[in-house]
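Observations on the model geometry
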Amino acid sequence: MNNVIAETAQQTGGRLMMAGHYLRTSWAVVNAVIAVVAGLSTLNMAVADAGMATINEVASPLMQQFARMGRQA
């Protein structure tokens with residue numbers, strides 16, 4: 001019985017950690033998009049550049065995966 005409880009607790013903890021990761025990443029992307037829009041609308045390129053850097057950092061693994069799929073085809 002203890003093994004079942006321990007395994008359930010471990011799986012739940014892992015899922016909560018993944019949900020937290022996705023939530024933080026989503027929040028960072030939302031804030032980055034807001035920074036880009038606000039930076040461009042006020043002509044503050046430093047803010048817009050910081051927002052674009054965050055978006056590029058989040059999108060980089062996805063773009064790498066697309067590049068791998070393109071080379072395999």
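Refer to the structure printed above.
Residues numbered from 1 in each chain as written. Predicted model: local features only at pLDDT ≥ 70, side-chain atom pairs only at ≥ 80, totals over all residues. Heavy atoms only, no water.

Some thoughts on a nonpolar patch on the surface
On the surface, Leu62, Met63, Phe66 and Met69 cluster together into a nonpolar patch covering about 400 Å² of accessible area. The topology assignment puts Phe66 in helix H2 (residues 45-72). (Patch = residues over 30% accessible without salt bridge, like charges linked within 9 Å, V, L, I, M, F, W, Y side chains within 5 Å. Areas by Shrake-Rupley, 256 points an atom, 1.4 Å probe, with all protein chains shown as cover. Salt bridge = Lys/Arg side-chain N within 4 Å of Asp/Glu carboxyl O. Helix = DSSP H or I, 4+ residues; strand = E, 2+ residues; numbered from the N terminus.)

Some points on helix H1 (residues 2-41)
Over its 40 residues, H1 runs 58 Å from end to end, which matches the ideal 58 Å to within 8%, given 1.5 Å per residue. Taken together, the buried positions of H1 are Ala32, Ala35, Val36 and Gly39. In this structure, the buried side of H1 is in contact with H2. Positioned one or two residues after H1, Leu43 has a phi angle of 60°, which is positive. (Expected span 1.5 Å × (residues − 1). Buried < 20%, exposed > 50% of the residue type's maximum accessible area, 1.4 Å probe, protein only. Contact = heavy atoms within 4.5 Å.)

Some thoughts on unusual backbone geometry
Even without being glycine, Leu43 reaches a positive phi, approximately 60°. Tracing the chain through its elements places Leu43 in the loop between H1 and H2. Using a relative accessible area of 69% as the deciding quantity, one classes Leu43 as exposed.

Observations concerning the packing of H1 against H2
Angle between the axes and distance between the axes are the two parameters that describe a pair of packed helices. At a minimum axis distance of 7 Å, the contact between H1 and H2 shows a crossing angle of 150°. Here H1 lies roughly antiparallel to H2, going by the angle between them. Crossing of H1 against H2: the hand is left-handed. Of H2, the residues touching H1 (which contributes Thr25, Ala28, Val29, Ala32, Val33, Ala35, Val36, Gly39 and Leu40) are Met45, Val47, Ala48, Gly51, Met52, Thr54, Ile55 and Val58. Partitioned by chemical class, the residues of the contact of H1 with H2 number 13 nonpolar, four polar and no charged. (Axes fitted to C-alpha atoms, helices over the stretch in contact; angles between N-to-C directions. Parallel < 35°, antiparallel > 145°, perpendicular 65-115°, else oblique. Left-handed = near helix turned anticlockwise from the far one by under 90°. Nonpolar A, V, L, I, M, F, W, Y, C, P; charged D, E, K, R; others polar.)

This is a description of form; function is not addressed.
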